[in-house]
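# Close look at the chain arrangement
Each chain, written out:
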Amino acid sequence: KNQVEQSPQSLIILEGKNCTLQCNYTVSPFSNLRWYKQDTGRGPVSLTIMTFSENTKSNGRYTATLDADTKQSSLHITASQLSDSASYICVVSASTGGFKTIFGAGTRLFVKA
Amino acid sequence: DTAVSQTPKYLVTQMGNDKSIKCEQNLGHDTMYWYKQDSKKFLKIMFSYNNKELIINETVPNRFSPKSPDKAHLNLHINSLELGDSAVYFCASSHQPGGPQHFGDGTRLSIL
């Protein structure tokens, strides 16, 4: 069964600290993995996208990694800011079935001053 | 310039009514989607259209009917609304199926 599991469910950190969010998936056949940021009351916004051959991708203070062998990904946030408070969603697409897309439940990040 | 716009932003209505949500994208994308996000914030795909043709139709009650008059629009019509339909509905688009998606800001549907 195609699944995407994220951990932790929620996380509280102090401003300026780093954090890492995890994503494990069982989607097959794998096409790509994306991380989205969703602010409260807004739609998700794409942060990174990685295909099978890519194992790291950066977007400013956000760095995503992908291990296609273990089917794991992580999103590392450096020097967190208050504006990083949001839900971070891991999304994996399969390369069949109309590129079926499976969403994780998200990690809710709270950055405190 | 809003890339993916949904209307209305909020929709409050009585159980049993019929309502529509509209979505338009000005990105020139070929693929559009409808998602439902429940109270636990879990996003689930409902439909996907590519070049006005249905390519993904998840297990959704047939009270939900998408309509794509052209590539830039994908509207969602819901008949006989039920309490369980209360959620935030997101429209999204991508250049092609499986590509990075651009989301609208959602339509919050509340059923009384």
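Reference entry: report on the structure contained in this document. As the structure is a prediction and not an experimental result, all values here were calculated from the model. (Residues numbered from 1 in each chain as written. Chains lettered and ligands numbered in written order. Predicted model: local features only at pLDDT ≥ 70, side-chain atom pairs only at ≥ 80, totals over all residues. Heavy atoms only, no water.)

## So, the sheet that holds strand E3 (residues 19-25) of chain A
Residue and element names in this part refer to chain A. For clarity, the threshold we go by: Think of it this way: DSSP has to see at least two bridges between two strands before they count as a pair. In this description a helix means any DSSP run of H or I spanning at least four residues, a strand means any run of E spanning at least two, and both kinds are numbered starting from the N terminus. Throughout, an axis means a line fitted to C-alpha atoms (over the contacting stretch in the case of helices), and angles, computed between N-to-C directions, take values from 0 to 180 degrees.
Reading across the sheet, the five strands line up as E1-E3-E8-E7-E6 and stay open at both edges, with antiparallel pairing between neighbours. What marks the edges here is a single partner per strand, and that holds for strand E1 (4-7) and strand E6 (56-59). Here the average twist between neighbouring strands, direction ignored, is 15°.

## What about the interface of chain B and chain A?
The following threshold applies: Contacts are assigned to residue pairs with any non-hydrogen atoms lying within 4.5 Å of each other. Here the quantity called buried area is the total loss of accessible area, with a 1.4 Å probe, experienced by two parts when brought into contact, counted for both. A side-chain nitrogen of Lys or Arg and a carboxyl oxygen of Asp or Glu constitute a salt bridge if their distance falls within 4 Å. Whenever two N or O atoms come within 3.5 Å, that pair is a polar contact, provided that in protein one can donate a hydrogen and the other can accept it, and provided that, for residues adjacent in sequence, both atoms are side-chain atoms. Note on residue categories: nonpolar means Ala, Val, Leu, Ile, Met, Phe, Trp, Tyr, Cys or Pro, charged means Asp, Glu, Lys or Arg, and polar means any other residue, Gly included.
Listed by partner, the interface residues are 19 residues for chain B and 20 residues for chain A. Across the chain B to chain A interface the summed buried area is about 1,500 Å²; carbon plus sulfur atoms make up 54%. Seen at the junction of chain B and chain A, the total is one salt bridge. A salt bridge links Arg 42 of chain A to Asp 105 of chain B, with the nearest nitrogen and oxygen atoms 3.0 Å apart. On inspection of chain B and its partner chain A, the count reaches five residue pairs in polar contact (both at pLDDT 80 or more). Secondary structure elements with two or more residues in the side of chain B that touches chain A: strand E4 (31-37), strand E5 (43-50) and strand E6 (53-57) of chain B. Its residues assigned to classes, the side of chain B that touches chain A shows ten nonpolar, five polar and four charged.

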